[in-house]
Amino acid sequence: LGHAMARMGAEVICTDQKKCLGDLQKSLAHQDTLYGKPEDSGGSIRTVELDWGEEGWSQCELSKEEQAPFDFIISAELVYLEETHDLLLWTMQKLCSPQTIIYSVFINRPFSWNFFAKLDDMKVFEVEQLDEDKDFDACGLEECHMHKIYLLPPKEKEKETEAEAEAPPKEAAEKAEEAS
């Protein structure tokens, strides 16, 4: 998918863990021979090692680059391992702005839905489940689900709450006014 998007002119960064990066690079090189290089179509593609979470991010070359948040993140089969959900959520927040659209596709497994329950509990992301019959082709796979995820913009109410927390308490302000 990343290679096809790059051949359509997108700037693509494919990430994976170190142990999988070699296979990813071989796959992309093979696609170069089959379909042509993305650079020939005005796009680009590169691979970057990325382990999720704050520690993984600090060791990733992306953390050292000046770069705007991503326009799109395509996540395929990332939510099946419950013990990685918090690390993935941390990383998603790091890579997103409210304009970023994350497309997540997965095959239902025992803990997959727990990820989306956690997303809902955080109140940081908006999640829209896409309809297989209308929005995507599951290619004959059973229990295939796709979601569109957005980082919620900061709310005005939250800004007001922060301003109130920074302001001196009303009683202290009144006492200071009386003393002067």
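Residues numbered from 1 in each chain as written. Predicted model: local features only at pLDDT ≥ 70, side-chain atom pairs only at ≥ 80, totals over all residues. Heavy atoms only, no water.

Our next topic: unusual backbone geometry. Notably, Glu-77 is not glycine yet its phi reads approximately 60°, a positive angle. When you line up the elements, Glu-77 lands in the loop between β3 (72–76) and α4 (85–95). Phi at Lys-123 takes a positive value of approximately 60°, unusual for a residue other than glycine. Here Lys-123 is to be found in the loop between α5 (112–122) and β5 (125–129). (Helix = DSSP H or I, 4+ residues; strand = E, 2+ residues; numbered from the N terminus.)

Detail in the predicted coordinates should be disregarded across regions flagged by low pLDDT. Confidence along the protein chain averages 85 in pLDDT terms, with 86% of residues attaining 70 or more. Across residues 170–180, where pLDDT falls below 50, the model places 0 contacts with residues more than four positions away in sequence or in other chains. (pLDDT = per-residue confidence, 0-100. Contact = heavy atoms within 4.5 Å.)

On to the packing of α4 against α5, then. Two elements in contact, α4 and α5, have axes separated by 11 Å at closest approach and are oriented at 50°. Classified by the angle between their axes, α4 and α5 sit oblique to one another. In terms of crossing hand, the pair formed by α4 and α5 is right-handed. When α4 is examined against α5, the residues His-85, Asp-86, Leu-88, Leu-89, Met-92 and Gln-93 are found in contact with a partner set consisting of Asn-114, Phe-115, Lys-118, Leu-119 and Met-122. The residue makeup of the contact of α4 with α5, split by class, is 6 nonpolar, 3 polar and 2 charged. (Axes fitted to C-alpha atoms, helices over the stretch in contact; angles between N-to-C directions. Parallel < 35°, antiparallel > 145°, perpendicular 65-115°, else oblique. Left-handed = near helix turned anticlockwise from the far one by under 90°. Nonpolar A, V, L, I, M, F, W, Y, C, P; charged D, E, K, R; others polar.)

Attention shifts here to the pairing of strand β1 (residues 11–16). Two elements, β1 and strand β2 (residues 44–49), share 6 bridges in a ladder whose sense is parallel. Across the sheet, residue Thr-15 finds its bridge partner in β2, namely Val-48. Tracing the backbone out of β1, into helix α2 (residues 18–35) and back to the parallel element β2 gives a crossover that is right-handed. (Pairing = 2+ DSSP bridges. Right-handed = clockwise from strand over helix to strand, strands pointing away.)

Okay, the sheet that holds β5 next. Sheet architecture is open: 4 strands sit in the order β3-β4-β6-β5, paired in mixed fashion. Each of the sheet's edge strands pairs with one partner strand only, and the pair in question is β3 and β5. When strand polarity is set aside, the average angle formed by the axes of neighbouring strands in this sheet is 20°. For strand β4 (residues 101–107) and strand β6 (residues 144–151), the ladder comprises 7 bridges, and the chain directions are antiparallel. Note that in β6 the partner of Phe-106 across the bridge is His-145.

This paragraph deals with the environment of Gln-99. Structurally, Gln-99 can be placed in the loop between α4 and β4. For Gln-99, a relative accessible area of 62% corresponds to the exposed category. With 30 residues separating them in the primary sequence, Gln-99 and Pro-69 have C-alpha atoms 8.5 Å apart. (Buried < 20%, exposed > 50% of the residue type's maximum accessible area, 1.4 Å probe, protein only.)

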